[in-house]
Amino acid sequence: MSLIDRFRGFYVTLGEGFKSPTTVQYPKEHRDMGHRFRGLPVLVTDVSTGEEKCTACGLCATACPNNVISMTSEPHATKGRHPVTYTIQAPRCLFCGLCVESCPVKAIQMSHVFELATTDRNNLLYDKEKLLELGRGIYDEIEQTESGAWLEVTRFPEEAVTR
Amino acid sequence: MTTEQNIDMVTLTIDGKEVTVPKGTFVLHAAKQVGVEIPNFCQYPDLRPFGACRTCMVEIVTRRSTIDISCSAPVSEGMQVFTRSQKVLDAQRFAVEALLVDHPIDCPICDASGECELQNHAYYTNVRVNNPLARPKMSWEYETLSESVMIKRDRCVLCGRCVRVCDELVGATALAWAERGFQSYIDGAFGQDLKDSPCVSCGLCIEVCPVGALLNTSYHDTARAWFLKRVQTICTFCGVGCNMELHVEEATGQIKRIIGKQDSGMNGEQLCARGFFGYEFVQGKDRLQTPLVRKNGELVESTWQEALALIAERLPQYRGDSFAGIAGAHNTNEENYLFNKFVRCVMGSNHIDHDAGVGQGVRQAGLRDVFGSDAPTNAFLDIFENARCVLILGSNLSATHPVFSYKLQTAIRRKGIKLIIAAPQALPLSQIADINLQYRAGAEADLLNGLAALVAQRELVAQEYVGDRVDGVDEWIQTAQTYTPEGIAANTGVPVALLEQAAEMYATGGAGADGRLDTGLFPPSTIVYSAGLTLRDGGEEIEYGAAALALLTGNVGRSGAGVNPLKVANNGQGALDMGCAPFLLPGERPLEEPEFRRSLEQAWGLSNPLPSRPGLGLAAMLQAARAGRIRAMYIMGSNPAQAHGNPQVASEALANLEFLVVQDMFRTPTAEYADVVLPACSWAEKDGTYTSAERRIQRVNKALTNHGQSIPDWTILVHVLERMGFERLYTSSDQILAEIASVVPQYGGVDRRTLERPGTVVTLRPGKVYRNPSIDEVRRVGAHWPTTENDPHGTPVLYADGFPGGKARLIPVPFRQGQSMGDGVYGGTVQVSLYHQGTGTMTSRCPTLVSLHENGAADSSPERGRGVGMLQSPNLKQSGYSTGQLTDI
């Protein structure tokens, strides 16, 4: 081991020392999640009406392998049907995304929310209001890809901010 | 009930499988027999072939035109059929694609999603996203046809099932197609609102709709089909005893809807408005949650411990004649049996009765004097299949026993059964009747005895039959001499010619004087009426007349014949069989006979003898309570305060009691007088058996968890007995049923297993008018008592091998000139309504039924030309009574 190698090392340290750090000071800071990150599934609000998009068709509840989702429904003037209650039991959720895949109206999305730890297990029972609150700011947008095709993509709140 | 003999059989091959079916069967039905399912929309069991949807195409290679619709192609010898060849698949695919041109494909918000036949067929025929026939879709909005039916017309595939069931199976003809071609849609007949049409809101159109076009307003958008648990059970309203399926959402534990089911009870897929929409009371907000105990003059919520302790402390003081019990005609057999045992053995009283209708107790005199039992003699299916003439007497069966009347009208129209309707005014069935005898109100006895006398005078008596089976003929004939055609006409107000015509039609089974069969008898005729008709004073004379008419013409103990008083409540027959009558022991055995008492004492292992003096009936009981002779009462699932003809008497009687225990689902007017009110389970929350008006014992299954702290009536009784110092005898209702099977002779061999089997195969005979000549095989559950260990299926026709007492005994009713009671005989009137049952304890808590009733849907009011009113009870204006009693309106 020669002295030059030592200085090579210090050089790297010195070089990195002036760059912005990669480490995120969690929990003071949050890192941006990848677009496809699968956090807690949440309900999406329809921007045009201000109501949830969900039509309570029950397909997510059917697709869910752990029976995490349950809902009750009632008739609705414009959407046809409408969830009265909508519950996700987060402790049982395995974040597989089948509910999102099954949804015919894109009313449920995998959010970037992952901090679910709590001191009371009742807090892990997410009702409709909580889910809509968590899903606020998620919306769909049509985007042209590099190949020229139009694609519907989901935007998350933090993506909207950075843009 | 019958198996048609001498049918030509045809053998054909379907997809390489050989099958032999009766000549005239359609390819589709034949394929079903070898397990080949062919997609279709418009074919529906028990309907005539129609051929509207063109989806059920098959390839018949032995014919020149190879592609044909299998629902209307009759089989022929040596036929070769392929159901999955490329040609067939292409044709079926085209048909489904054509149906999807205007279909909105809004499955996520469609009620039918998950049980939609269009979804299934599109999947089966490989129809995917790109429909080559696509064009801009025609769209329709939701439309409300009535309080109970909604329509979304763009989902409709125009198969016409709804229109056809309404016409063929219900007889209401309330729906029709409108417009032609692409514009064609389903609508109320003549474009009128369903509320103003003859629609009886039976819900069959909603049930048969293969897609989500016709919708149930109370089910709409509240559940998904695949989350529903299906529990088979029996209806809790009228005596017909329809089998139904409760659809319970497991997550919420609520009944979401009710449907009828093919291959189950006598009703098949049919229900009436009460059955289809009458479940909301189970989830009613005012259901009793906890026991109530009277403290300082107020009923306050309490605990089971306190309530039971109070009962156990107070009740023993009233042992003997100062105690009376009222059983419930809507309770199960097990509960009524246990109640009977409780009143007779523990309380040592014979004052036990139940509300047989209109707040009246069981009548002692009547059919029982003639035959030995007052049970209806023939099963419903037997009547529909084999009767050649039906006489309906004084009852609006379309409101009291709706499904029976729907099935009957189908049988009448398909098989050409003759129908005689005797009623003081027009009934819904009058339009298809051959003879309408419009008699003066109250003249039923004169009319029936008069008809019997006319039969005797016209030499239409079945001499040999009468000689073998009937006693007291000479005496009867002598009395009958006093009846002259003119006298009868004067008393009843029916013209002589019509009377004679009716007498001949009934006596000859509609076949005419030279229509004798090889047996020497005429084709069978039957008499049907609601048992509520005979509950008034002098009601036994009506039954004597009916029995005489049937016996003289040889119409008892035969298939398709008989005298059928249909009990009003769903378990009125069972309550009677379980001995809930002051003068009868379980099994309809008279209390006065010491041997019956002894056998029961032995079976129950009693050390003290049973009280031998017959007790008081319901009306007398209340009188005695008013006079202070009866000091304590126990009422299970009954509501005398509201049901009694004179509410003043009833309330005074109940208020005068020292101690009153009431078991009910709700805080009824009767419960207001109680010292202890115990919350009972509804029929959907308990196991048990009901005996329908045709003596069919059927099983009720628990579908829901108990509501609040309520428990089933029999469990309450077990707890009360336990508190009173008896050991706990029963832990399940099956144990009580086993005891019933050993104690009640008619119920021998009945157990849970026999009642739960898939059902006996019944072969329906096609009628001449029925274009479909195929022999239909259906399954029916339950057993007709009397059953035995060896034959748990039971006996659909009573007295085929003779009467219990050897011979039937004719009882003469002397002719009384001008004695007919005429107008006002039934007292103040309340409309009998299809949408209400009894005092309305259950039905008035079902919003859909209440709304149908109040908005004057068909069969609810006389203005609609369908309802027929009935017996007195001034405080029943809203809740109506469905006993089939008639009145002048």
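Computed from a predicted structure; not experimentally measured.

Parameters at a glance
- Residues numbered from 1 in each chain as written.
- Chains lettered and ligands numbered in written order.
- Predicted model: local features only at pLDDT ≥ 70, side-chain atom pairs only at ≥ 80, totals over all residues.
- Heavy atoms only, no water.
- Contact = heavy atoms within 4.5 Å.
- Buried area = accessible area lost by both parts, 1.4 Å probe.
- Salt bridge = Lys/Arg side-chain N within 4 Å of Asp/Glu carboxyl O.
- Polar contact = N/O pair within 3.5 Å; in protein donor to acceptor, adjacent residues only side chain to side chain.
- Nonpolar A, V, L, I, M, F, W, Y, C, P; charged D, E, K, R; others polar.
- Helix = DSSP H or I, 4+ residues; strand = E, 2+ residues; numbered from the N terminus.
- Expected span 1.5 Å × (residues − 1).
- Axes fitted to C-alpha atoms, helices over the stretch in contact; angles between N-to-C directions.
- Parallel < 35°, antiparallel > 145°, perpendicular 65-115°, else oblique.
- Phe/Tyr/Trp six-rings, centres within 6.5 Å; stacked < 30°, edge-to-face > 60°.
- Lys NZ or Arg CZ within 6 Å of the ring centre and 35° of its normal.
- Pairing = 2+ DSSP bridges.

Moving on, we come to the interface of chain B and chain A. How big an interface is tends to be reported as the loss of accessible area on association of its parts. With eleven residues of chain B at the interface, the matching set in chain A holds 16 residues. Together chain B and chain A conceal approximately 1000 Å² of surface at their shared face, both sides included; 63% is due to carbon and sulfur atoms. For chain B, the biggest contributors to the area lost against chain A are Pro108, Ile109 and Asp221 of chain B; these three give 45% of the whole. Counting the contacts that link chain B with chain A gives two salt bridges. In this structure, Asp111 of chain B and Arg81 of chain A form a salt bridge, with 3.5 Å as the shortest nitrogen-oxygen distance. At the boundary of chain B and chain A, one finds six residue pairs in polar contact (both at pLDDT 80 or more). Looking at the side of chain B that touches chain A, its residues break down into five nonpolar, three polar and three charged.

Here we take up helix 18 (residues 539-552) of chain B. Over its 14 residues, helix 18 of chain B extends 20 Å from the first C-alpha to the last, a length consistent with the 20 Å expected when each residue adds 1.5 Å. Taken from the residues just after helix 18 of chain B, Gly554 of chain B is the one with a positive phi, measuring 70°.

A word on the packing of helix 13 (residues 444-457) of chain B against helix 15 (residues 473-480) of chain B. Residues and elements named next belong to chain B. Between helix 13 and helix 15, whose axes approach to 10 Å, the crossing angle comes to 105°. Considering the angle they form, helix 13 stands roughly perpendicular to helix 15. Between helix 13 and helix 15, the contacting residues are Ala452, Ala453, Ala456 and Gln457 on the first element and Trp476, Ile477 and Ala480 on the second. Of the residues contributing to the contact of helix 13 with helix 15, the split by class is six nonpolar, one polar and no charged.

Residues and elements named next belong to chain B. Going through the model one piece at a time under the given rule, you end up with 21 aromatic pairs over all chains. Three or more aromatic residues joined by ring pairs make a cluster, and in this case those are Phe237, Phe281, Phe666 and Trp683. We note Lys152 situated over the ring of Tyr142; from NZ or CZ to the ring centre the distance is 5.5 Å. The aromatic ring of Trp785 is capped on one face by Arg695, whose charged end is 5.7 Å from the ring centroid.

It is worth spelling out the pairing of strand 2 (residues 17-22) of chain B at this point. All names here are of chain B. The pairing of strand 1 (residues 9-14) with strand 2 spans six bridges and is antiparallel. Bridging from a neighbouring strand, Met9 pairs with Pro22 of strand 2. Where strand 1 hands over to strand 2, the hairpin turn is made up of two residues, of which Asp15 adopts a positive phi near 50°.

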